Amino acid sequence: MLKWLLTLFVALLVLSAAAPGLTRAGLGRLPGDLRIPLRGRVLYVPFTSTVLLSLLLYLLGRLI
């Protein structure tokens, strides 16, 4: 259980650090990525970007 929590924490740290670079690359602005303004904040739900990144990571894992 502790290994999974640590892995999740590290993955969230890496994704948070990579988010500005991924936005410049076009991820996060794809059709299907939702931005919902709510009380002065923006709720961001990246459906399409998540599917695309998952597919790329799957293919990378299959190659290795």
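This text follows the structure it describes.
So, a few notes on the structure that sits alongside this text.

The rules behind the values
- Residues numbered from 1 in each chain as written.
- Predicted model: local features only at pLDDT ≥ 70, side-chain atom pairs only at ≥ 80, totals over all residues.
- Heavy atoms only, no water.
- Helix = DSSP H or I, 4+ residues; strand = E, 2+ residues; numbered from the N terminus.
- Buried < 20%, exposed > 50% of the residue type's maximum accessible area, 1.4 Å probe, protein only.
- Contact = heavy atoms within 4.5 Å.
- Areas by Shrake-Rupley, 256 points an atom, 1.4 Å probe, with all protein chains shown as cover.
- Pairing = 2+ DSSP bridges.
- Polar contact = N/O pair within 3.5 Å; in protein donor to acceptor, adjacent residues only side chain to side chain.

1. Points about the overall build of the chain
Across its full length, the chain holds two helices and two strands. Element order for the chain, N to C, with α for helix and β for strand: α-β-β-α. Once the C-alpha set of the chain is aligned to its principal axes, its extents read approximately 40 × 30 × 20 Å. Relative to its full complement of 64 residues, the chain shows a buried share of 6%. Pairs at least 24 residues apart make up 10% of the contacts formed inside the chain by residues separated by at least 6 positions. As presented, the chain carries roughly 5,900 Å² of accessible surface, and 74% of it is formed by carbon and sulfur atoms.

2. Re the pairing of strand 1 (residues 33-38)
Pairing of strand 1 with strand 2 (residues 41-46) involves six bridges; the strand directions are antiparallel. Pairing of L34 across the sheet is with V45, part of strand 2. Counting the residues that bridge the hairpin from strand 1 to strand 2 gives two residues, and of these R39 lies at a positive phi of roughly 55 degrees.

3. Remarks on unusual backbone geometry
Excluding glycine, most residues fall at negative phi; most peptide bonds, likewise, are trans. The backbone of R39 shows a phi angle near 55 degrees, a positive value even though the residue is not glycine. With respect to the helices, strands and loops of the structure, R39 is situated in the loop between strand 1 and strand 2.

4. Regarding the side chain of S49
Examined against the element boundaries, S49 turns out to sit in helix 2 (residues 47-63). Here the side chain of S49 touches D33 through a polar contact of 2.7 Å, side chain to side chain. Setting aside chain neighbours within four positions, we find S49 in contact with L27, G28, L30, D33 and Y44.

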